[in-house]
Amino acid sequence: MLNLTDVPAAVDAVLDEFFQATGPILESIYPTVGDGGRALRDFVMTGGKRIRPMFVYAGRHCAGDKITVSETPESVAETLRVCAAIELIQACALVHDDILDRSDTRRGNPTVHRRFEAMHRARGWDRDAAHYGDSAAILIGDLALAWADDLFHGVLPVGDTAQREPPRPTPFAASAVWSQMRTEVLAGQFLDITNEASGDESSTAAERVMAYKTAAYTVARPLELGATLGGADETLRRELHGIGIDLGIAFQLRDDLLGVFGDPEQTGKPSGDDLVAGKRTALLAVALQRADGDAAAVLRASIGRALDEAELAAARGVLVDSGAVAETERQITERRDAGLARIEGLDCAESARADLRALAQRITVRSR
């Protein structure tokens, strides 16, 4: 197997090959359709951390000497193909998320909908540029979702003339995990926007979003998916899923803090972006529960609108003074340590446990 540190580059190679095959197909339909393919390629190939593929590969490694699928170049290629497919799911989620949040930047670059809005204006086209940008980005996100399924199932792009054998079909058990993961992340996103619209301030609602939009999709299902590709038994798959929930929630809690206190140079998004977007995070829920009336009113008035520096500083002050930041840090540590303890009990190779420990630290101690 590859070293875990080599996985991102190997996944990029799979994605690059896929985009080389699909780009000419879109261009042949019409040049402006090719713009969509180039935008998706640029988005996927620029700046992603490849966290989910590394968890897929770590799960495959955990199967270790228990695997019922022999370790061959074909099985490694299959695992990397699935790793690449999950990055296209991530692209779909982020492109659509940026529309939902009305975000202007992602990874320090214009979001996809802003890119097409600017293109519309630059070309002097008719009608509403912002609506065109949103519409184009919705379709590009849909394309990423469709292509993710193609990659996962090993379907070669129509029009790909390369002389090669088609990859072997993905095992049914892995397909079932894949299907569940797609349902969970979309359900989590739906719950997220519903919480924002309804103004639900409960910790329960925020925790459900964390569990399904982030924890299951970012860590738990990728780990389970990789182990399933290796033919791991149900006990190992279930234990990896539990570890993934703990680590995934810690990851999201860290993201909540970065969404308010993060350095834009590191995160690639404006400071305080989660407040401006109206995100009903666990951090916000704890602060509203603990803050006194006046402080809570300041925080509520800061949700879902543009903030100047003084307003952002006041909102941050409430989050700190209420103890919400300290409580969130405590929960991150608690969840990470619970995940690490379960990793030590895994019935797998020490090298596989070492990979999981490294990933646990990477996703919970970070600045972006």
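> Whenever I open this one, the packing of helix H2 (residues 31-45) against helix H4 (residues 73-100) confuses me. Can you help?
In helix packing, the relevant descriptors are the interaxial angle and the interaxial distance, both defined with respect to the helix axes. At their nearest, the axes of H2 and H4 sit 10 Å apart, and the two run at 105 degrees to each other. As summarised for this structure, H2 and H4 are arranged roughly perpendicular, according to the angle between their axes. Residues Leu40, Phe43 and Val44 of H2 pack against Leu88, Ala91, Leu94 and Val95 of H4. Residues belonging to the contact of H2 with H4 are distributed by class as follows: seven nonpolar, no polar and no charged.

> Honestly, the side chain of threonine 364 in this entry has me stumped. Any pointers?
Its place among the elements puts threonine 364 in helix H16 (residues 350-364). Among the polar contacts made by the side chain of threonine 364, one reaches the main-chain carbonyl oxygen of alanine 360 at a distance of 2.7 Å. When sequence neighbours within four positions are dropped, the list of residues in contact with threonine 364 reads Ala250, Phe251, Arg254, Ile332 and Arg336.

> Mind showing me how you'd approach the nonpolar core here?
Looking at soluble globular proteins, one finds that nonpolar side chains tend to be buried together. With 71 residues, the main nonpolar core has Leu88 and Trp178 as its most contacted residues. The greatest single-element share of this core, amounting to 13 residues, is contributed by H4. The contact partners of leucine 88, leaving out residues within four places of it in the chain, are Leu15, Phe18, Phe19, Val44, Ala144, Trp147, Ala148 and Leu151.

> Could you clarify how one ought to interpret a nonpolar patch on the surface in this entry?
Where nonpolar side chains cluster on the molecular surface, the patch consists of Ile29, Tyr30 and Val33 and spans about 300 Å² of accessible area. Its location among the elements puts isoleucine 29 in helix H1 (residues 7-29).

Rules used in this analysis
- Residues numbered from 1 in each chain as written.
- Predicted model: local features only at pLDDT ≥ 70, side-chain atom pairs only at ≥ 80, totals over all residues.
- Heavy atoms only, no water.
- Axes fitted to C-alpha atoms, helices over the stretch in contact; angles between N-to-C directions.
- Helix = DSSP H or I, 4+ residues; strand = E, 2+ residues; numbered from the N terminus.
- Parallel < 35°, antiparallel > 145°, perpendicular 65-115°, else oblique.
- Contact = heavy atoms within 4.5 Å.
- Nonpolar A, V, L, I, M, F, W, Y, C, P; charged D, E, K, R; others polar.
- Polar contact = N/O pair within 3.5 Å; in protein donor to acceptor, adjacent residues only side chain to side chain.
- Core = buried A, V, L, I, M, F, W, Y, C linked by side-chain atoms within 4.5 Å.
- Buried < 20%, exposed > 50% of the residue type's maximum accessible area, 1.4 Å probe, protein only.
- Patch = residues over 30% accessible without salt bridge, like charges linked within 9 Å, V, L, I, M, F, W, Y side chains within 5 Å.
- Areas by Shrake-Rupley, 256 points an atom, 1.4 Å probe, with all protein chains shown as cover.
- Salt bridge = Lys/Arg side-chain N within 4 Å of Asp/Glu carboxyl O.

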